[in-house]
Amino acid sequence: MGATIENLRRRGHCQMPFEHIDAITTPGALDGWITLLEGYGRMDPSRLLAPAIRLAEEGFVVSPIVHREWTLEVEKLSRDPDSDRHYLLAGRAPRAGEVFRNRALGRTLRTVAKGGRDVFYRGELGEKVVQAIREKGGLLTMGDLETHRSDWVEPIWTTFQDHEVFELPPNGQGITALIVLNVLEDFDLPLLGHNSADYCHSVLEAIKLAFADRNRYVTDPEVEDVPTERLLSKEYAAERRRLMNPQYALPDASPGRLAAGDTVYLATADAEGNMVSFINSLY
């Protein structure tokens, strides 16, 4: 609530920084989990969190790709004593094949399993988060946590040849994938040959165009109108498709002109036909 434009400008920001205490938003993941569980789940949080608690406390073997990604963040993690203590081993990333444990995370998850949503949004865990952020000059308050809620929203969708494809609407980024499919719909991708040079060129150029629109138009619809209908129209896709050249790559894709803004993905289904398509993202 304190991150108003006026306040951020007084704090010296001309745009939102990537690495700054003021870039922290109200944590919503836990509320999202609990909201989904209350609406459709059958198990209690303690049972669902048990595997994560075990991995945190007993550890997991670091894979080569995780080691490589972790190594890229050592300098950033080492700037803060808390992140250095919890996520580095004597100032370095865990090596491939090493077992990494995070017992503090295990304790946090056990507290959540016992206390549920309120232990974070109205209780001791939230108070610790707010205190740490305030000590570093941040704006988060217990009022931000207490008033946070997850939203049930209507999905957005498009058709791609014989398929209907659904995504979450803005402020999520799922519309980007739908724009890509719209742009590619008139391409005979099987004829190009999967992962051929022409296939990769066409897909990457469509992605460039979609990312440009995402960066310009996808934002919080509570504070700014997002032209979702226009972005998903087949007519708009045809306009964007005409910018693509089979012989040349776009050096700098620009967003279209519209009338007036680190992620885990899970998919699962049960014997009764219930299906979940679940993105868990800190971005």
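Look a little higher up for the structure.
Since this is a predicted model, take the numbers as computed values, not measurements.

Cut-off values and rules
Residues numbered from 1 in each chain as written. Predicted model: local features only at pLDDT ≥ 70, side-chain atom pairs only at ≥ 80, totals over all residues. Heavy atoms only, no water. Phe/Tyr/Trp six-rings, centres within 6.5 Å; stacked < 30°, edge-to-face > 60°. Buried < 20%, exposed > 50% of the residue type's maximum accessible area, 1.4 Å probe, protein only. Lys NZ or Arg CZ within 6 Å of the ring centre and 35° of its normal. Helix = DSSP H or I, 4+ residues; strand = E, 2+ residues; numbered from the N terminus. Polar contact = N/O pair within 3.5 Å; in protein donor to acceptor, adjacent residues only side chain to side chain. Contact = heavy atoms within 4.5 Å. Salt bridge = Lys/Arg side-chain N within 4 Å of Asp/Glu carboxyl O.

(A) Examining the packing of aromatic side chains more closely. Summed over the entire model, instances satisfying the criterion amount to five aromatic pairs. Ring geometry for Trp157 against Phe166: centres 5.9 Å apart, planes inclined by 25 degrees, an arrangement best described as stacked. Of the residues examined, Phe166 reaches a relative accessible area of 46% and is grouped as partly exposed. A cation sits over an aromatic face here: Arg214 above Phe211, 4.4 Å from the ring centre.

(B) Focus on the environment of Phe166. Counting through the fold element by element, Phe166 comes out in strand E4 (residues 163-167). Between the C-alpha atom of Phe166 and that of Ile156, which follows or precedes it by ten residues, the distance is 5.7 Å.

(C) Structural context of the side chain of Ser202. Mapped onto the elements of the fold, Ser202 is located in helix H12 (residues 197-217). Under the relative-accessibility criterion, Ser202 is labelled buried at 7%. Polar contacts involving the side chain of Ser202 include one to the main-chain carbonyl oxygen of Asp198, which spans 2.9 Å. Setting aside its immediate chain neighbours within four residues, Ser202 contacts Leu184, Phe187, Leu192 and Met244.

(D) Structural detail: the pattern of salt bridges. Taken as a whole, this structure holds 19 salt bridges when the rule is applied. The residue Asp22 makes a salt bridge to Arg11 at a minimum N-O spacing of 2.8 Å. A residue pair is termed long-range when its members are at least 10 positions apart, and Asp22 in the loop between helix H1 (5-10) and helix H2 (29-40) and Arg11 in the loop between H1 and H2 qualify at eleven residues. Arg11 sits in the partly exposed class, given a relative accessible area of 34%. Between Arg79 and Glu19 there is a salt bridge whose closest N-O contact spans 2.8 Å. Separated by 60 residues along the polypeptide, Arg79 in the loop between helix H5 (74-78) and helix H6 (81-87) and Glu19 in the loop between H1 and H2 bring together distant segments of the chain.

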